[in-house]
Amino acid sequence: MHKHGAILAAIFTVALGSTPGKAQVFEVIHPDVVEGGFEFEILNGVVLDDVDDGEERSGHEIAFAYSPTSWWKTTAAIEIANPEGEGGEFEGFEWENVFLLPFGEGHGAGHNHDHDEHGFVALEAIGIFAALEVPNEGGIGSGAVEIGPIAEVAFGPVETVGNFLLEIPFEDDEELGLAFALQASVPVSENIGVGFEYFGEIENAFEGESEDSHFIGPAIFTEFDVGRGRILEPRFAVLFGLGNDTPDAVASLNLELKF
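Residues numbered from 1 in each chain as written. Predicted model: local features only at pLDDT ≥ 70, side-chain atom pairs only at ≥ 80, totals over all residues. Heavy atoms only, no water.

1. Some words on the overall build of the protein
Working step 1: Secondary structure assignment for the protein yields 1 helix and 13 strands.
Working step 2: Residue burial in the protein is summarised as follows: out of 259 residues, 43% are buried.
Working step 3: Counting only carbon and sulfur atoms, one obtains 58% of the accessible surface of the protein, whose full area is about 13,200 Å². (Helix = DSSP H or I, 4+ residues; strand = E, 2+ residues; numbered from the N terminus. Buried < 20%, exposed > 50% of the residue type's maximum accessible area, 1.4 Å probe, protein only. Areas by Shrake-Rupley, 256 points an atom, 1.4 Å probe, with all protein chains shown as cover.)

2. Some details on a nonpolar patch on the surface
Working step 1: On the surface, a cluster of nonpolar side chains totalling about 860 Å² of accessible area is made up of F38, F40, I62, F64, Y66, I78, F90, F93, W95 and F259.
Working step 2: At the level of elements, β1 (38-47), β2 (56-66) and β4 (89-100) are the ones that each hand at least two residues to the nonpolar patch.
Working step 3: For F90, a relative accessible area of 42% corresponds to the partly exposed category. (Patch = residues over 30% accessible without salt bridge, like charges linked within 9 Å, V, L, I, M, F, W, Y side chains within 5 Å. Salt bridge = Lys/Arg side-chain N within 4 Å of Asp/Glu carboxyl O.)

3. Here's the deal with the pattern of salt bridges
Working step 1: By the definition in use, this model includes 5 salt bridges.
Working step 2: With its nearest N and O atoms 2.8 Å apart, the salt bridge here joins K258 to D32. Pair noted here: K258 is in strand β13 (residues 249-258) and D32 is in the loop between α1 (2-16) and β1, with a separation of 226 residues, a long-range link.
Working step 3: K258 sits in the buried class, given a relative accessible area of 6%.

4. Notes on the environment of E146
Working step 1: Along the chain, E146 falls in strand β6 (residues 144-155).
Working step 2: Between the alpha carbons of E146 and A130 there is a distance of 5.5 Å; along the sequence they are 16 residues apart.
Working step 3: Among residues more than four places away in sequence, those in contact with E146 are F129, A130, A131, E133, L165, L166, E167 and A179. (Contact = heavy atoms within 4.5 Å.)

5. Notes on a negative patch on the surface
Working step 1: A grouping of D172, D173, E174, E175, E203, E207, E209, E211, D212 and D245 is seen on the molecular surface, where their side chains present a negatively charged patch.
Working step 2: The topology assignment puts E175 in the loop between β7 (158-169) and β8 (177-187). (Lys, Arg positive; Asp, Glu negative; His and termini not counted. Charge placed at Lys NZ, Arg CZ, Asp CG, Glu CD.)

6. With respect to unusual backbone geometry
Working step 1: Look at N204: it is not a glycine, yet its phi comes out positive at around 50°.
Working step 2: By the element assignment, N204 lies in the loop between β9 (192-203) and β10 (211-222).
Working step 3: If you check the backbone angles, R228 has positive phi at about 55° while not being a glycine.
Working step 4: Topologically, R228 is positioned in the loop between β11 (224-227) and β12 (230-242).

7. Side note on the pairing of β7
For a regular strand, side-chain orientation follows a simple rule: the groups alternate between the two sheet faces.
Working step 1: Taken together, the 10 bridges between β6 and β7 define a ladder with antiparallel strand orientation. Its bridge partner lying in β7, I147 is registered against L166.
Working step 2: Where β6 folds back on β7, the antiparallel hairpin that results is connected by 2 residues, among which G156 adopts a positive phi of roughly 60°.
Working step 3: Bridging between β7 and β8 involves 9 bridges; their strand directions are antiparallel. (Pairing = 2+ DSSP bridges.)

8. Some remarks on the side chain of H214
Working step 1: Looking at the element boundaries, H214 is found in strand β10.
Working step 2: Of the polar contacts made by the side chain of H214, one reaches the side chain of Y198; its length is 2.6 Å.
Working step 3: Of note is the side chain of H214, whose polar atom sits 2.8 Å from the side chain of D212. (Polar contact = N/O pair within 3.5 Å; in protein donor to acceptor, adjacent residues only side chain to side chain.)

Set out below in structure tokens:
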């Protein structure tokens, strides 16, 4: 317990002690559905660059999920921004859904399936992600829908998760966008894994001049059984921006409690 507590304390110290510009949270969506299961998430992104007054120092998301069936998980989330020199601001609401398809070796087993029972390459799970984004400024008329496939594939001991999402804005003057993510991890102990994450986004992907942003960096994944059927999964990453319009680096800390 003391060792686990020290690891968690170190993660919190690195993330909350960072000095952040334009902030956002980062999460790779897993095709992970456990019937009757609940999840509580706190996602945090802290920019490590210098930040001008009024620009976002950090971004946060608080989410609560429930899986009413073995193939559907629904999530309600609120987004909060923390501008430099100002208090926190409510940015918007998201309603997210994961629909698990009846394919893959982990189908129906959620996060409890045994990864050692497959061959070198195996499709663990695949699903469809669909989300409604409603910003605080402009309401649903300025919102968007995100939809696309999400999948988990194992390559020997390496677990990979990929997302490929189409963003459909409601405003007439906004064009379709793309968002994609890739996560790879390998276990180094019973409770800890290491790997990397990549996130990309392309605005105006199909018409006009596109705007894109990309982030990549190392990540550490941990998992702790805190008793009474509750699993705590802290994940910490340092993501480096690629391009002139992205922060140089972002510290990303996500905490997920499954019960």
